[in-house]
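Tertiary structure, described
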Amino acid sequence: MDVNKLCFGCMKEKENPGQRCPYCGFDLNEYMQKCSARALRPGTILNGQYLVGKVLGEGGFGITYLAYDLNVMMAVAIKEYFPSGLASRDGSEKSDGRISAFSGEKKNYFEHGLNSFVEEVRNLMQFRDYEGIVKVNTLFYENGTAYMVMEYIRGKSLKQYLQEKQVPLSEVETLAIMKPVLRMLGKVHESGVIHRDVSPDNIMLGDNGKVYLIDFGAARMVTGAETKSLDVMLKPGYTPFEQYYSKGNMGPWTDVYAVCATMYRMMSGKVPQESLARIDRDQQETLYALSEKREIPSVSERTSQVVEKGMSLKTEDRYQNIYELIKDLNKRERNYEQNSYAEKNLEQENEKQNEGAEKTEPKLVLDEIKYSQASERKWKPIEIIYTLIIINVIINVFGDVAIYIKDILIGGLIASVILNFLKKISRKDIFFGLGSDYFREGDYEKAVEWFEKGARKGDGRSQYALGYCYHFGKGVVRDFEEAVKWYKKAVRRGESNAQQMLEDMRRNGLM
């Protein structure tokens, strides 16, 4: 490979070094016009081994670059410790790239943060074999600072994904993405390490379908006597109250807050209210309240409660560790529906979650739908009254002509159509029929909407179908308690299929 022809945007070789990359569309001239003056220039060689490319991300603690390892001939990611507000770099073309810490107290903060960065990188080396955690390869010093070399994940950050979607994510997709993140954090906490910077910026959605937790926040212990000294080190909305203070009581519960804040952002479409502001006046609406007002997609009250507890201002009111949070989500939501970013992880999770349950999901029986055959039922007096009113309206509009054919209308096609329509809108099982149509088409969320309407009106088949949807997570978050509730209601309406489902759940230990 000719390294002189590498694209600084994707590290793939291209024929003409000066042309726009045919693979990723990267154009060096355009990049240089927009690039941060703080960042190293593309083409810089670090440690005599790493060719620096574009900036992948820039935050309060440093800058992450795409780079190319000239020794092993592969793309890597390199994190540079460069805390904003504590140091600067000459961004001119003639600059050697050296970072200069500010004088006085800020220099002390910089040096303390550098030591913490190095120590944390060394700690993270132990997670090299952890699934879903970006592997750290090595550490080196240069330019008056330190650099961490990591595995490069091709994909996009959760922050980018949310910006592209421009709408809140569904509860199903949010949980599917975040479940792997929670499991990773649980393992990390067991090793005595706290991430302290969980946010959409630091969750990667890989092109390979996996979810990764990145940037373990080197130098998260940078502290000063004044809260203001830490402002550049923290992400408003995702940072709990205790992280703003040098002697704040930090622990796994600190990451719990950030994780729940991230889920809040995903499902609400809004960055959560800053924790310091919430202490003075908490104006943050719950996810359930937002969904009730139809400002966001439907979020169950249970998941809303989990997120709300995880974002409690007082540390003692939160889940004290990730496993408590996972347990409550598993207990209350029971959802592991697959999506494009968590599909491979969730296959294994489904097997664990449904251990002891049926190996093959039974098909929802929809063959009994007869809602369109309204003529099988006798007409009710109220329906006849409605029909006569409609016919009288026709008479008033069309006059003698309508009177002349009134008898024909009553006994003919129009009267039959009107009555059949009235029967449909007065019958509970019309909802079951509409829901079944959507279910067959694969639009499970719409199917659930109609099944629920019929179920709440007391239709047994709708209750059975709604229980089935909760049982197997079709269009809703999987919830065995809800499934049992609706199955039992359906049984009381004489639905034998629901009775069979209850027996299967009891046999498999699901109730």
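Residues numbered from 1 in each chain as written. Predicted model: local features only at pLDDT ≥ 70, side-chain atom pairs only at ≥ 80, totals over all residues. Heavy atoms only, no water.

Attention now goes to the overall build of the protein. Secondary structure summary: the protein contains 19 helices and eleven strands in total. Looking at the protein as a whole, 49% of its 511 residues qualify as buried. For the protein, long-range pairs separated by at least 24 residues make up 58% of all intrachain contacts whose partners lie at least 6 apart in sequence. Split by element, the accessible area of the protein, about 25300 Å² in all, is 48% carbon and sulfur. (Helix = DSSP H or I, 4+ residues; strand = E, 2+ residues; numbered from the N terminus. Buried < 20%, exposed > 50% of the residue type's maximum accessible area, 1.4 Å probe, protein only. Contact = heavy atoms within 4.5 Å. Areas by Shrake-Rupley, 256 points an atom, 1.4 Å probe, with all protein chains shown as cover.)

Here we take up the environment of Gly62. As for its position among the elements, Gly62 is in strand β3 (residues 62-69). When the C-alpha atoms of Gly62 and Tyr147 are compared, they prove to be 9.7 Å apart, with 85 residues separating the residues in sequence.

On the basis of which strands lie adjacent, the open sheet formed by three strands has the order β9-β10-β11 and antiparallel pairing. Among the strands making up the open sheet, the edge pair consists of β9 (155-157) and β11 (211-213). Recorded for the sheet is a direction-independent mean angle of 25° between the axes of neighbouring strands. Two strands pair when backbone bridges link them, and β9 and strand β10 (residues 203-206) are joined in this way by three bridges, in the antiparallel orientation. (Pairing = 2+ DSSP bridges. Axes fitted to C-alpha atoms, helices over the stretch in contact; angles between N-to-C directions.)

The subject of this paragraph is the sheet that holds strand β4 (residues 74-81). Read from one edge of the open sheet, six strands run β1-β2-β3-β4-β8-β7, paired in antiparallel fashion. With partners counted over all chains shown, the strands left at the sheet margins are β1 (45-46) and β7 (136-142), one partner each.

On to the pattern of salt bridges, then. Close approach of charged atoms allows side chains with opposite charge to pair. Taken as a whole and judged by the stated rule, the model has 19 salt bridges. A salt bridge links Glu80 to Arg89; the nearest nitrogen and oxygen atoms lie 2.2 Å apart. The pair formed by Glu80 and Arg89 is uniform in burial state, with each residue classed as buried. Salt bridges here are not isolated pairs; linked through shared partners, they connect Lys270, Glu285, Lys293 and Glu295. (Salt bridge = Lys/Arg side-chain N within 4 Å of Asp/Glu carboxyl O.)

Before going further, it helps to spend a moment on the environment of Lys489. Checked against the element boundaries, Lys489 lands in helix α18 (residues 480-492). A C-alpha to C-alpha distance of 9.9 Å links Lys489 and Arg461, two positions 28 residues apart in sequence.

A low pLDDT means the predicted coordinates there should not be read in detail. Taken over all residues, the pLDDT of the protein has a mean of 80, while the share at 70 or more is 77%. The model gives residues 367-378 a pLDDT under 50, and that stretch makes 27 contacts with residues more than four places away or in other chains. (pLDDT = per-residue confidence, 0-100.)

This brings us to the side chain of Thr64. Here Thr64 shows up in strand β3. Exposure remark for Thr64: the relative accessible area of 16% places this residue in the buried category. Among residues more than four places away in sequence, those in contact with Thr64 are Lys54, Val55, Leu56, Gly57, Ala77, Ile78, Lys79 and Met150.

Let's shift gears to a positive patch on the surface. A cluster of basic side chains, namely Lys488, Arg492, Arg493 and Arg506, defines a positive patch on the protein surface. As for its position among the elements, Lys488 is in helix α18. The exposure class assigned to Lys488 is partly exposed, which follows from its relative accessible area of 39%. (Patch = residues over 30% accessible without salt bridge, like charges linked within 9 Å, V, L, I, M, F, W, Y side chains within 5 Å. Lys, Arg positive; Asp, Glu negative; His and termini not counted. Charge placed at Lys NZ, Arg CZ, Asp CG, Glu CD.)

Glancing now at the packing of aromatic side chains. This model, assessed by the stated rule, comprises twelve aromatic pairs. Measuring from centroid to centroid gives 5.2 Å for Tyr81 and Phe110, while their planes differ by 40°, and the two rings are tilted. Of this pair, Tyr81 sits in strand β4 while Phe110 is found in helix α2 (residues 105-124), placing the two residues 29 residues apart along the sequence. Judged by relative accessible area, which is 0%, Tyr81 ranks as buried. (Phe/Tyr/Trp six-rings, centres within 6.5 Å; stacked < 30°, edge-to-face > 60°.)

A word on the packing of helix α17 (residues 460-472) against α18. Two numbers describe how α17 lies on α18: the axes approach to 7 Å, and their chain directions differ by 160°. One element, α17, and the other, α18, form an angle in the roughly antiparallel class. Taken as a pair, α17 and α18 cross one another with a handedness that is left-handed. In this structure, α17 contributes Gly460, Gln463, Tyr464, Leu466, Gly467, Tyr468, Tyr470, His471 and Phe472 to the contact, and α18 contributes Phe480, Glu482, Ala483, Trp486, Tyr487, Lys489 and Ala490. When its residues are assigned to classes, the contact of α17 with α18 shows ten nonpolar, four polar and two charged. (Parallel < 35°, antiparallel > 145°, perpendicular 65-115°, else oblique. Left-handed = near helix turned anticlockwise from the far one by under 90°. Nonpolar A, V, L, I, M, F, W, Y, C, P; charged D, E, K, R; others polar.)

Taken together, the buried positions of helix α8 (residues 301-310) are Thr303, Ser304, Val306, Val307 and Gly310. Viewed along the axis of α8, the buried residues span an arc of 160°, placing them on a single side of the element. (Arc of directions from axis to C-beta.)

As a further point, take the packing of α17 against helix α19 (residues 496-507). At a minimum axis distance of 10 Å, the contact between α17 and α19 shows a crossing angle of 25°. In terms of orientation, α17 and α19 fall into the roughly parallel class. As for how α17 packs across α19, the hand of that crossing is left-handed. Of the residues in α19, those touching α17 at Tyr464, Tyr468, His471 and Phe472 are Asn497, Ala498, Met501 and Met505. Residue composition of the contact of α17 with α19, grouped by class: six nonpolar, two polar and no charged.

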